[in-house]
Structures are given as C-alpha cells and as structure tokens.
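These are the residues of each chain, in order.
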Amino acid sequence: MTEPSAAPPTDAPPNSPGAHGLENLLSEERRFPPSSEFAAQANATADAYAWANADRPGFWADQARDLLTWSTPFTQTLDWSDAPFARWFADGRLNAAYNAVDRHVEEGRGDRVALHFEGEGGDTRTLTYADLLREVSRAANAMTALGVRTGDRVAIYLPLIPEAVVTMLACARIGAPHSVVFGGFSAEALSSRILDAEAKLVVTADGGFRRGKPSALKPAVDEALAKGAPSVAHVLVVRRTGQPVEWTQGRDVWWHDAVEAASPEHTPVDVDAEHPLFILYTSGTTGKPKGIFHTTGGYLTQAAYTHLNVFDLKPETDVYWCTADVGWITGHTYVVYGPLLNGATQVIYEGTPDTPHRGRWWEIVQKYGVTILYTAPTAIRTCMKWGAEIPGKFDLSSLRVLGSVGEPINPEAWMWYRRVIGGDRTPVVDTWWQTETGAIMISPLPGVTAAKPGSAQVPLPGIAADVVDDDAQPVPNGGGGYLVLTEPWPSMLRGIWGDPERYKDTYWSRFAGLYFAGDGAKKDDDGDIWLLGRVDDVMNVSGHRLSTTEIESALVSHPWVAEAAVVGATDETTGQAVVAFVILRSDVVEGNAADAATVQETLRTHVAKEIGPIAKPRQILVVAELPKTRSGKIMRRLLRDVAENRQVGDSTTLADSSVMDLIAQGLATPVAASED
Ligand code: PRX
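Treat the numbers as computed from the prediction; the structure is a model and nothing was measured. (Residues numbered from 1 in each chain as written. Predicted model: local features only at pLDDT ≥ 70, side-chain atom pairs only at ≥ 80, totals over all residues. Heavy atoms only, no water.)

Enquirer: Please give an account of the overall build of the protein chain that cites residues and values.
Expert: For the protein chain, the count of helices and strands is 21 helices and 30 strands. Since a compact globule built from 676 residues should have a radius of gyration of about 26 Å, the 24 Å found for the protein chain is in line with a globular shape. Over its C-alpha atoms, taken along the principal directions, the protein chain stretches across nearly 75 × 65 × 55 Å. Across the 676 residues that make up the protein chain, the buried fraction comes to 63%. For the protein chain, the share of sequence-separated contacts (at least 6 apart) that also reach a separation of at least 24 residues comes to 72%. When the accessible surface of the protein chain is split by element, carbon and sulfur atoms take 50% of a total near 24,200 Å². The positive charge centre, built from 59 side chains, and the negative charge centre, built from 85, are 2 Å apart in the protein chain. (Helix = DSSP H or I, 4+ residues; strand = E, 2+ residues; numbered from the N terminus. Rg over C-alpha atoms; globule rule 2.2 N^0.38 Å. Buried < 20%, exposed > 50% of the residue type's maximum accessible area, 1.4 Å probe, protein only. Contact = heavy atoms within 4.5 Å. Areas by Shrake-Rupley, 256 points an atom, 1.4 Å probe, with all protein chains shown as cover. Lys, Arg positive; Asp, Glu negative; His and termini not counted. Charge placed at Lys NZ, Arg CZ, Asp CG, Glu CD.)

Enquirer: Run through the site of the ligand, naming residues and quoting values.
Expert: By nearness alone, 17 residues border the ligand, and Asp 430, Thr 431, Thr 435, Asp 519 and Arg 545 come closest of all. Within the side chain of Asp 430, a nitrogen or oxygen atom sits 2.8 Å from a nitrogen atom of the ligand. Summarising the interface, the protein chains cover 97% of the accessible area of the ligand, which totals 540 Å² for the free molecule. The class makeup of the residues in the shell around the ligand is six nonpolar, six polar and five charged. (Near = heavy atom within 4 Å. Polar contact = N/O pair within 3.5 Å; in protein donor to acceptor, adjacent residues only side chain to side chain. Nonpolar A, V, L, I, M, F, W, Y, C, P; charged D, E, K, R; others polar.)

Enquirer: Tell me about the environment of Phe 209, and please be specific about residues and values.
Expert: Along the chain, the position of Phe 209 falls in strand S9 (residues 207–210). You can call Phe 209 partly exposed: its relative accessible area is 24%. A sequence separation of 90 residues divides Phe 209 from Gly 119, and the C-alpha atoms of the two residues are 7.9 Å apart. Aside from chain neighbours lying at most four places away, what touches Phe 209 is Glu 120, Pro 214, Arg 240, Thr 241 and Glu 350.

Enquirer: Explain unusual backbone geometry to me, and be specific about the residues and the numbers.
Expert: Looking along the chain, the bond that leaves Ala 83 and enters Pro 84 is cis, with omega of 5 degrees. If you trace the backbone, Pro 84 turns up in the loop between strand S1 (78–79) and strand S2 (87–88). Between Thr 355 and the following residue, Pro 356, the backbone shows a cis peptide bond with an omega angle of 0 degrees. Its location among the elements puts Pro 356 in the loop between strand S17 (345–349) and helix H12 (360–368). Within the chain, Phe 89 stands out as a residue other than glycine whose phi angle is a positive 55 degrees. Considering the arrangement of structural elements, one finds Phe 89 in the loop between S2 and strand S3 (93–94). The exposure class of Phe 89 is buried, given its relative accessible area of 0%.

See the structure below:
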C-alpha cells in the first residue's frame, strides 16, 4: 500500500509558519552562545562532529562500547546490505533492563534515587536503583509465571505511575517486546493495537488521576478484549485509584497479588542486539496506525548518547524531568531508557500542569531542585498564556538546561522559556526527532552550539540530515524543501510491525536511498535547519501526532455522516487543532434530526470514543459539498484556508468551482465547540 505522496513545499505545510512568527525565521538575528562556565564543564565537545564525520559507524561503535554493557561484545557495527533494513552491532548480545538498572546497583549506585514519583493528588514515592531492581525482577517473575516468554508481546495501558516504568523494564528483562498504548486512547484504539501486535498480556490499572478526579482505565481494556483478542491470556491490574472494577476470573490478576508475592531475584535474559525491544504505534497518512518497532543495541546506544550529550547530564548531581507520558516515544527514550541507562535521578509526574493550580510544574521544579527540564512547545505556550507571574512565585534557580520537543517552537516561546523559566541563563535545546528515529537527531549541543531561537539547527554528531527539493537535490542555504536523513543511524526504526512493504513505501520510496521524514524544512544562511511542520496528512496537536484519515474514518463510522474531511488549522496554543468538515446524510438533514450544536457535540464525542479525547475536533462544520479535484482528491489546502479564516486560495483545479461559495455560505454562522 502506498501512502499518498506529500504536497510540494510550496503548498504551505499545515503547521504553517505564519501564526507562530516563524515567517521571520530567516532574519532571526538573536544568538545565544554558551557561557564560558557552561562550555568548560559540558559533556559535549565541538570536535565530536569531525570525529563522527570521519567514521560515522566507528563513532557509534565507540558510543555503544562506552555507554552500554554487553554480555557478548559485538564485532560487526553496521550491516546496511539489505537497505532500508538496518542491522547494528548484530552479533553482540545484551539486556536492556540489566543496562538500565542492574549494573548501577552492581557498581555501587544502588542507593541513588532513580525515580521521584509525584502523583497528581500529591502522593509521592521514591525508588532508588536498588528498589527498581527488586521491583523489576518481581514483575519479570510474575509475568513469566503468567506465561510470558521471550519474544511474546505485552500491551501496557497505564497512567504515568512507577509501575509503568517497572513493567516496561520487566518486559525488556525477559525479552518480551512491549507495546505501550497511551492511557488517553480509546478502547477501540487499544483493541486494534492489541490485535496487531498479538499481545499475550495486557498490563493496566483500575485508573489514574486526571484533573483531580479518578479516571478509569480497566473498563477500556474489558471493552477492547470483548471485541475479541485470542492472543491475550491475562490482564495484570495495578490498583491505583481504588475504583471498583469488573473482574474476569481466570483472566484478570491483581498486580499486588502477582508481583508483590514474586521473588525479587531474576536473571535478565540476554538477547541479540537486533531483538525487538518495543513496538509503538503512531499515526501515518492512512487510517491504520503504524506499529513502529525498535530493536535493542542500536536504540539503547543512541538513547544513552543523546541523553548524556544533548542534556549535558551529570548523573551524580542532576535532577532531570521530562514531562512526557510513557505512552509516547519521548517517554520511552527520555523517561525510561536514556535516563536510566545513564544512571540519572529523575522526576515523574502523573498529572496535568494546572492541577490543583497553574504553578504545579514550577512547584515540582522547586521541590526536587530539578536541573534539566524537557517539555513541549504547547506546554510552554500555555504557561505563557497563564502569565510569567505564576512561575515567578517559585524558585527555579536549580534549572541549568531546558529542552523542547514535539513541534516547531516559535522564537517568542523559545525566548520566554529561556528568560522566564531559565532565568536568562540556561541553554535551550530544540530537539527534532520522531517515533521512527527513536532518539534525538537534530539539536544544538549545550556548551557547543550558539543557539538560535526557533531552530533545531544541526544534525548531532553521527547523524546525517539534509533538506532536499522535489528532485532529491539538496537545497542551497536560504532554500526550503523536505527534511531527509541521508545515512542510517543506530536508533532507526527497523520497520513497521508485520508490514515491511509499508515501511519501504512510507519512508524510502519518495526519494531513492533517502529517509523521508514527512517534515518541511528550510536552511538559513548559515545552513542551520528550521523545521516547518508536516507536509503530509499528519497533524500535530499539542505535540501529538494525529492522522487526518484516521479521524475522517472515525467520523464516517457515525450513522449521521456521509462524508468527512479533516484539516489541521493553526492554533495559538496547541500548534494545530483538528477542524472537521462533514456532509450529513440526507435523512438526517431532511428529517431535521439534529441542530448544529447537537451535531457538533455528538460527533466530537464519537471521535473521542473511537480514537481518544486528544483527537476530538475543535470545530465541526456541516457543509453541503467538499472541494474536490477532478480526480476526486479533497483539496485540504482550501479547507485549511476556511478553517484559519483566510481568503480562500486558488481553487481553479476544483471539479466544481462553486463548492467553495457553498461552503462559505454555510459558514456564515459556524458553531464553535466549547472548550474542554
Ligand atoms: O513534525 C515533526 C514533529 O513531530 C513529528 C514526530 O512526531 P512523533 O513521532 O509523535 O514524535 C514526537 C516526539 C519526538 C515530527 O515529524 N517534531 C518533533 N520535534 C520537533 C518537531 N517539529 C519541529 N521541531 C521539533 N523540535
């Protein structure tokens, strides 16, 4: 199956620069070179670029040897003979959990705090590396007793509580690839992920806390499994909220019965470097999410290297906090694997930034003396909206490095982050990467790079990226085009679970021999890279990837909807917002079954049920027609103009040019959705 080809860069990417001030990016003059004090103590050094350029695989082999402990050392570095299927360090063997936990204890670091857990309600737990070793070993024994074997897949549907980290590591310990499904996804989304990965075990909780209230999770698992999931033998359930749960005898098992009773001794299972470590589903341009899978040795190497160098981690003294949930790739690489491989002390927080008050994050920074903070532009913009006086009430002087990820950060948000949160002192690293890349690819290096607000700037040492035009030719400085990766990297995805053809078609067919990232980008006069947002039918809402097609499919699965088109409209806070255009079935319209407000609410709820609340359209506009080309392709560019209240652009290729007038008339009184 071939995914639709991307729009040319001249068709402004959906995450169009306009609203965020990126239109001035090529005239951005501000520079923030590292202070001499920071540079003097930095982990990263400028010569790493030349070192890596001289022998890219050799550079990564050195990192793999330095940063990981191998039970069988590798002798081969990169095998690219079956491109685009890469093999890194293939004859080496190791265990991910051993590297993340055991070796720290064996080397005398058992008393170091691994996790400071902060629950939304203010409950806390502290786990040292020695505690983590016991917990992970118990969970590995309990999962083995439930029949999980090396190679079996385990689905994880948990809130951000220590058990989520423990379960991921327990899976890694027995060589059972995990598939974490974000707790905000619906039963439907969970079901399709369980089926695609043929998971043997599902690990969940009764619920988690969200905005001060318990929010149930177990019912979604029950509903997902009721649709049929022949591979699932057991459901392991953590008691978090104490909510009553339905129980299926013989299938469901309480965590506190199975795990707490299990032995704290467990021998990690050594696996080949290319053994799958995890599957993580992400949205593509078709309706079916892609199971991106990553393997062990290469992924861990780049996770550890980037975490150490991009955040300048000093494991003995830093307190690191990445605000991502483990349901996303950022949580995999920069909450679980990167920090723990490096023996870091970190904070994990279950809740939202505004519960019970809008200073909650800053209160946490102050309480734990957080030194490195990694978050998303959407959160920074939200805090900007709430006002600088809120963080101003807290002592943030411990902070020394700030990171951003998930979407383009507009220069003003970058400046605010540095000034208000970082006290005008901290380096800010804008890190570009993807679920598929596994780890950070393009980013300044603190202590080395003179940072530019709004730009991810340069590929890391050992990474080769470029911006190319439609003919795969590198654009000159000052030019724009598509971001590509030109050489294999250790943490690259090894494919799409069960669908090697889709892997080749999606990433490797647009430009021969180049990895097509799906992002528009520009090079400025210095050759620094600026990311401009997706050029395909993928939206980025609050740093979360959503597929237009997936939401359209959800909408048309409702009996009222005849046809639907979804676009990502620029949104000041969330980067993009989902706006849907629907044609209702004639019986609904003629029977006058529902007024506009009811249609809005019913369909928004329906999308939340089908995919998850994050996919809820901000607005649903009922229209009589959709703009289509003569070949029947929906012209989303025109719909984006409407959704962003712009003059509608060139519509001469429409099959019926009166359609946009019809839409405009129907929009005289659009109904806006309520905030939630
Ligand atoms: O469009 C880019 C955007 O997020 C996409 C990847 O999304 P996902 O796989 O969910 O991973 C997000 C966290 C790594 C990219 O294709 N993106 C990510 N980081 C940046 C970014 N866009 C601009 N600047 C970034 N720093």
